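A structural walkthrough
Residues per chain, in single letters:
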Amino acid sequence: MAISRNYSFLRKTPEVFDEISINGKGVIIPARLGSIFWAVLRVAYGRCNQPIYPDQLAEAVQELMLDRDSAAWQAHCEKPNRKPWRERLMLNAMMLTRTSGNNRYGLRLAERGHALSMERDGKVRTYFILRTNPREVRH
């Protein structure tokens, strides 16, 4: 029997997580500090309720990770026998949109009333958007 994975971050010690201010209120970023999930969410919370196109996300994450630890970021980007870092980054961002199935990483946002989703604009270009208004959140 498979063990169900716990995606919740509510019971974890808040002091070990990064926090960002949204409309004057502190919001904990539900991801391990310095991880790719953290970087994606840090960028998304910084631009909450606004479209973030894949190129914008990749550029902002790269800048954030270089500022945090450039050597670790270079090592991540140059991992042998792996997909290119931009492709891995997009896969991680897409995982954060999931609230069902085997990899429900989006539940860490849903339990806060937030949701990261992939949508398309009028020109049919894909973008990510982190919705923080509970009335707009679709799970």
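Above: the structure in question.
Let me sum up the structure you'll find in this document. The model shown is predicted, which means the values in this text are computed figures rather than measured ones. Residue numbering note: each chain is counted from 1, following its sequence as written. Given that this is a predicted model, residues contribute local features only at a pLDDT of at least 70 and side-chain atom pairs are listed and counted only at 80 or more, while totals for whole chains, interfaces and linings are drawn from all residues. Heavy atoms from the whole structure form the basis of all side-chain values; hydrogens and water molecules are not counted.

**Remarks on the overall build of the chain**
Scanning the chain from N- to C-terminus turns up four helices and four strands. Only DSSP runs of H or I reaching four residues or more are called helices, and only runs of E reaching two or more are called strands; each is numbered from the N terminus. Its helices and strands taken in sequence order, the chain reads β-β-α-α-α-α-β-β from the N to the C terminus. The C-alpha radius of gyration of the chain comes to 15 Å, within 12% of the 14 Å expected for a compact globule of 139 residues. Here the C-alpha coordinates of the chain stretch approximately 40 × 40 × 40 Å along the principal axes. With a 1.4 Å probe rolled over the protein chains alone, any residue whose accessible area is under 20% of its type maximum counts as buried; one over 50% counts as exposed, and the rest are partly exposed. Each of the 139 residues in the chain was classed as buried or not, and the buried ones make up 41%. Should any heavy atoms of two residues lie within 4.5 Å, those residues are counted as being in contact. Long-range pairs, those at least 24 residues apart, make up 46% of the contacts in the chain between residues at least 6 apart in sequence. Accessible surface area values rest on a Shrake-Rupley calculation with a 1.4 Å probe, where residue burial reflects the displayed protein chains alone. When the accessible surface of the chain is totalled, it reaches about 8600 Å², and 47% of it is carbon and sulfur. Each charge class in the chain was averaged separately, 23 positive and 14 negative side chains, and the resulting centres sit 7 Å apart. Just to be clear, the radius of gyration here is over C-alpha atoms, and the globule rule we use is 2.2 Å times residues to the power 0.38. Asp and Glu count as negative and Lys and Arg as positive, but His and the ends of the chain are not part of the count. Charge coordinates come from a single atom per side chain, which is NZ of Lys, CZ of Arg, CG of Asp or CD of Glu.

**Details of the nonpolar core**
Inside soluble globular proteins, nonpolar side chains tend to come together where they are buried. Definition of nonpolar core: a set of buried residues of the types Ala, Val, Leu, Ile, Met, Phe, Trp, Tyr and Cys, connected through side-chain atoms within 4.5 Å. One finds Val 40, Tyr 45, Leu 57, Val 61, Leu 89 and Leu 116 to be the most contacted residues of the largest nonpolar core, which totals 35 residues. Apart from the residues within four sequence positions on either side, Tyr 45 is in contact with Ile 20, Ile 22, Val 27, Ile 29, Pro 30, Leu 109, Arg 112, His 114, Leu 130 and Thr 132.

**Section: unusual backbone geometry**
Its identity as a non-glycine residue notwithstanding, Asn 49 has a phi of 65°, on the positive side. Inspection of the secondary structure puts Asn 49 in the loop between helix H1 (36-46) and helix H2 (54-77). Within the chain, Val 124 stands out as a residue other than glycine whose phi angle is a positive 65°. The topology assignment puts Val 124 in the loop between strand S3 (115-120) and strand S4 (126-131). Owing to a relative accessible area of 56%, Val 124 belongs among the exposed residues under this scheme.

**So, the pairing of strand S2 (residues 25-28)**
Across four bridges, the pairing between strand S1 (residues 19-22) and S2 is antiparallel. Among the inter-strand pairings, Ile 20 is bridged to a residue of S2, identified as Val 27. Any two strands with at least two DSSP-identified bridges between them are counted as paired. What sits between S1 and S2 in their antiparallel hairpin is a turn of two residues, with Asn 23 showing a positive phi close to 55°.

**A closer look at the environment of Ala 93**
Within the fold, Ala 93 resides in helix H3 (residues 85-95). By relative accessible area, which is 0% here, Ala 93 ends up buried. In the structure, Ala 93 is positioned 62 residues away from Ala 31 in sequence and 12 Å away in space, judged by C-alpha atoms. In contact with Ala 93, not counting residues within four places along its chain, are Val 40, Leu 57, Leu 116 and Phe 128.

**Topic: the packing of H1 against H2**
Two numbers describe how H1 lies on H2: the axes approach to 9 Å, and their chain directions differ by 150°. When the axes of H1 and H2 are compared, the pair comes out roughly antiparallel. Considering only the axes of H1 and H2, their crossing is right-handed. Each of Ile 36, Trp 38, Ala 39, Val 40, Arg 42 and Val 43 in H1 lies in contact with H2, whose residues at this interface are Leu 57, Ala 60, Val 61, Leu 64, Met 65, Arg 68, Trp 73 and His 76. Of the residues in the contact of H1 with H2, the class split is eleven nonpolar, one polar and two charged. Axes here refer to lines fitted to C-alpha atoms; in helices the fit is confined to the stretch in contact. Angles between the N-to-C directions go from 0 to 180 degrees. Any angle that is under 35 degrees is reported as roughly parallel, and any over 145 degrees as roughly antiparallel; angles of 65 to 115 degrees are reported as roughly perpendicular and all others as oblique. By definition, turning the near helix anticlockwise from the far helix through less than a right angle yields a left-handed crossing, and turning it clockwise yields a right-handed one. Each residue is assigned to one of three groups, with Ala, Val, Leu, Ile, Met, Phe, Trp, Tyr, Cys and Pro labelled nonpolar, Asp, Glu, Lys and Arg labelled charged, and all others, Gly among them, labelled polar.

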